[in-house]
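Here is what each chain is made of, one letter per residue.
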Amino acid sequence: MATKTTKLRALLVALSLSLTTACSDEPRKYNFVISVAGGPTGWPVRVEELTFDNAWDAPGGILRGGFDQQPPGGALVVLSSPKTAPSSLQARWFSYGTETFYEIELSLPEDFSDRVDEWYQKYPEPKYGHYLIVGFSGKGEALVWWEAFCSLCGYDRSEDFSTPIVENAQATVVEGDASQYRSQTEQFVNEGLFPSPGE
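Here the structure is a predicted model, which is why all the values come from computation and not from measurement.

Caption draft 1: Spotlight on the side chain of His130. Relative to the helices and strands, His130 resides in strand β10 (residues 128–137). In this structure the side chain of His130 is engaged in a polar contact, spanning 3.1 Å, whose partner is the side chain of Trp146. Apart from residues no more than four positions distant in its own chain, His130 is found in contact with Phe32, Val33, Trp119, Tyr120, Tyr123, Glu125, Trp146, Glu147 and Ala148.

Written as structure tokens, this is what we have:
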């Protein structure tokens, strides 16, 4: 009888360990916010498409600045549910200044997910809010940063953390119909942001 109990206990321990290992292989999900920057100043863009891992997307829209800041900053997108740290991003945008369309398929570093996990441990919620920052320039460049922003520190920004993940990634020029953005381009020209394209 004792051997049956011992065997059953060993079987349960082995089963428990295998289930724990199987569960720990699942990617961890995080509550981060997407920040989408454009520019630099004077180089507004319209982000038409922004997806991560070809699986989930975030809105972009018209972005007039933030690309050239340290860390970059832009429009905030609060996600509807926690997400795993992405391994890639895909984007298409339009540069009002040059009337050019750009696309990029950007792979993030292989250790990005591990780094995100470390940052969440070092900068825990709710004291810190975490931001995946993506930026698209009117000159065809893309960037990715991570920021942990101390939400309980008031005006003291010394406890914030930010780091570049990918900088100065060059996009590909692609075909597109610039006439759909003509009225917005004319508005930017009238505001003096840049001369009329082609001048």
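Caption draft 2: Focus on the nonpolar core. Within the largest apolar cluster, 41 residues are counted, with the highest numbers of intra-cluster contacts made by Ile34, Leu50, Leu89, Trp93, Phe136 and Trp146. Among the elements of the structure, β2 (32–39), β3 (45–52), β8 (88–95), β9 (100–107), α2 (112–122), β10, β11 (141–150) and β12 (161–170) are those that each provide at least two residues to this core. Per-element accounting of this core gives the leading share, five residues, to β11. Those residues in contact with Trp146 that lie beyond four places of it in its chain are Phe32, Phe112, Val116, Trp119, Tyr120, His130, Tyr131, Leu132, Phe161, Ser162, Thr163 and Ile165.

Caption draft 3: Seen up close, the sheet that holds β10. Spatial strand order, β6-β2-β10-β11-β12: five strands in an open sheet with mixed pairing. Edge strands, defined here as strands with exactly one partner in the open sheet, are β6 (75–78) and β12. Averaged over all adjacent pairs, the angle separating strand axes in this sheet is 20 degrees, with direction ignored. Here β10 runs beside β11; their pairing, made up of nine bridges, is antiparallel. By the bridge assignment, Tyr128 is partnered in β11 with Cys150.

Caption draft 4: Molecular detail of the pattern of salt bridges. The full count for this structure, using the stated rule, is seven salt bridges. The shortest N-O distance in the salt bridge between Arg28 and Asp117 comes to 2.7 Å. Residue Arg28 is located in the loop between α1 (2–24) and β1 (29–30), and its partner Asp117 is located in helix α2; the two are separated by 89 residues in the primary sequence. Accessibility expressed as a relative area gives 23% for Asp117, which makes it partly exposed.

Caption draft 5: How the structure looks around α2. Among the residues of α2, those classed as buried are Phe112, Val116, Trp119 and Tyr120. Along the axis of α2, the buried residues cluster in a sector spanning 100 degrees; they form a single face. Turned more than 90 degrees off the buried face of α2, the exposed positions are Asp114, Gln121 and Lys122. Those residues of α2 hidden inside the fold are in contact with β1, β2, β10, β11 and β12.

How each quantity is defined
Residues numbered from 1 in each chain as written. Predicted model: local features only at pLDDT ≥ 70, side-chain atom pairs only at ≥ 80, totals over all residues. Heavy atoms only, no water. Helix = DSSP H or I, 4+ residues; strand = E, 2+ residues; numbered from the N terminus. Polar contact = N/O pair within 3.5 Å; in protein donor to acceptor, adjacent residues only side chain to side chain. Contact = heavy atoms within 4.5 Å. Core = buried A, V, L, I, M, F, W, Y, C linked by side-chain atoms within 4.5 Å. Buried < 20%, exposed > 50% of the residue type's maximum accessible area, 1.4 Å probe, protein only. Pairing = 2+ DSSP bridges. Axes fitted to C-alpha atoms, helices over the stretch in contact; angles between N-to-C directions. Salt bridge = Lys/Arg side-chain N within 4 Å of Asp/Glu carboxyl O. Arc of directions from axis to C-beta.

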